[in-house]
Amino acid sequence: DEEHDSSFKQEESPRYHARDVAVVRGREEGALVVLGSATPSVETFFNVRSGRYRHVTMASRVYNRPLPKVRVVDMRKEVAAEGPDVVMSRALREALANVLDRNEQALLLLNRRGFAASVLCRQCGRTLDCPNCSLALTFHRATNRARCHYCNYSVPGPKVCGNCAGPYLDTVGFGTERVEIEVSNHFSSASIARLDRDSAKRRGGISSVLDRFARGDVDVLIGTQMIAKGHDFRNVTLVGVISGDVGLTQPDFRAAERTFQLLTQVAGRAG
């Protein structure tokens, strides 16, 4: 199931791909192997096109439910209208207001956790970087720490620049923490929950949030890719993807493929 998922790839020794092992074992045992996915990997799709795999399609959704309508918003126009700090487009805010008025639910996806993507010194132009990975540290407002999401190195939120000692520090970019604050500012009466790796650290944290959302105790669920697939919430009629192209900048040759898969999977949560 979800044959495209990267978690099937074992990164440590012995390195192998569970999907490919299943295909080889099926061939040796004379067994049928079914690779299921709404967004198959490029390799699997190529094997279908070249005739190595047989293609079976599900032409309609469960109970013939219609596919969601997708609208793409050009954020350059939003920035021109509302300034560089805009997080949610006017179209998304309007759609959220309509959903809440109808007592329905919404999912908001931003595949970047934390409050801000980096801490920048306006005096010397340097960012607060990880000494191990040479990447910008992500600022987490809830814990007031700047953290590397690769090696987990962290430091307390600085008050002055470590390079020039200037006090003109600013946060650049945004993550799920910032989205949560923005939604609560615009919709103060709505019940909001956030689901990402930070909020899921507590034992039972994931199931607790999902149970509350399933019961209807939460109106808007904000999260990273953890909320994008495998969930079926009947009252969800809106999915908002914030900075949907953020994944395209990842240093990964599969960046475009994984961005497409993530957007398609999360769109399927609506309706």
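Rules and cut-offs
- Residues numbered from 1 in each chain as written.
- Predicted model: local features only at pLDDT ≥ 70, side-chain atom pairs only at ≥ 80, totals over all residues.
- Heavy atoms only, no water.
- Pairing = 2+ DSSP bridges.
- Helix = DSSP H or I, 4+ residues; strand = E, 2+ residues; numbered from the N terminus.
- Axes fitted to C-alpha atoms, helices over the stretch in contact; angles between N-to-C directions.
- Contact = heavy atoms within 4.5 Å.
- Buried < 20%, exposed > 50% of the residue type's maximum accessible area, 1.4 Å probe, protein only.
- Disulfide = S-S within 2.5 Å.
- Salt bridge = Lys/Arg side-chain N within 4 Å of Asp/Glu carboxyl O.
- Expected span 1.5 Å × (residues − 1).
- Arc of directions from axis to C-beta.
- pLDDT = per-residue confidence, 0-100.

### Digging into the sheet that holds strand E5 (residues 138-140)
Working step 1: Reading across from one edge, E5-E6-E7 is the order of the three strands in this open sheet, with antiparallel pairing throughout. Of all the strands in the sheet, the pair left with one neighbour each is E5 and strand E7 (154-156). Taking each pair of neighbouring strands and ignoring which way they run, the sheet shows an average axis angle of 25°.
Working step 2: As paired strands, strand E6 (residues 145-147) and E7 are joined by three bridges and run antiparallel to one another. Within E7, the residue paired with Ala146 across the bridge is Val155.

### Observations concerning the environment of Ala255
Working step 1: Inspection of the secondary structure puts Ala255 in helix H7 (residues 255-267).
Working step 2: With 23 residues separating them in the primary sequence, Ala255 and Asp232 have C-alpha atoms 26 Å apart.
Working step 3: Filtering out sequence-adjacent residues up to four positions away, Ala255 remains in contact with Gly247, Leu248 and Gln250.

### Section: unusual backbone geometry
Working step 1: For the bond running from Ser13 to Pro14, omega is 0°, close enough to zero to count as cis.
Working step 2: Within the secondary structure, Pro14 sits in the loop between strand E1 (9-10) and strand E2 (16-17).
Working step 3: Within the chain, Glu2 stands out as a residue other than glycine whose phi angle is a positive 50°.
Working step 4: If you trace the backbone, Glu2 turns up in the segment before E1.
Working step 5: On the basis of relative accessibility, which here comes to 22%, the residue Glu2 falls in the partly exposed class.
Working step 6: Here the phi dihedral of Ser134 falls at roughly 60°; this positive angle occurs in a residue that is not glycine.
Working step 7: Position of Ser134 relative to the elements: it lies in the loop between strand E4 (118-121) and E5.
Working step 8: Residue classification places Ser134 among the exposed residues on the basis of a relative accessible area of 60%.

### Comments concerning the state of the cysteines
Working step 1: For the structure shown, the criterion picks out zero disulfides.
Working step 2: In this structure Cys148 is a free cysteine whose sulfur lies 3.8 Å from that of Cys130, the closest cysteine sulfur available.
Working step 3: In this structure Cys164 is a free cysteine whose sulfur lies 3.6 Å from that of Cys121, the closest cysteine sulfur available.

### Details of the pattern of salt bridges
Working step 1: As enumerated under the stated definition, the model contains 18 salt bridges in all.
Working step 2: The closest approach of N and O atoms between Asp20 and Arg19, which form a salt bridge, is 3.1 Å.
Working step 3: Residue Glu82 pairs with Arg93 through a salt bridge whose shortest N-O separation is 2.8 Å. Within this pair, whereas Glu82 is found in helix H3 (residues 75-82), its partner Arg93 is found in helix H4 (residues 90-101), the two being separated by 11 residues in sequence.
Working step 4: In this structure Glu82 comes out as partly exposed when scored by relative accessible area, which is 38%.

### Here's the deal with H4
Working step 1: Here H4 spans 17 Å end to end across 12 residues, near enough to the 16 Å set by a 1.5 Å rise per residue.
Working step 2: Buried residues of H4: Leu92, Arg93, Leu96, Val99 and Leu100, and no others. The buried residues of H4 occupy an angular sector of 125° when projected down its axis, which confines them to one face. In this structure, H4 carries Glu94 and Asp101 as exposed residues pointing more than 90 degrees from its buried face.
Working step 3: In the core, the buried residues of H4 are packed alongside H3, strand E3 (105-109), helix H5 (176-186), strand E10 (220-223) and strand E11 (236-241).

### Let's talk about the confidence of the model for the chain
Working step 1: Mean pLDDT for the chain: 90, with 99% of residues reaching 70 or above.
Working step 2: Looking across the chain, the model is least confident in strand E8 (residues 169-172), with a mean pLDDT of 87, and most confident in helix H1 (residues 18-29), with 97.

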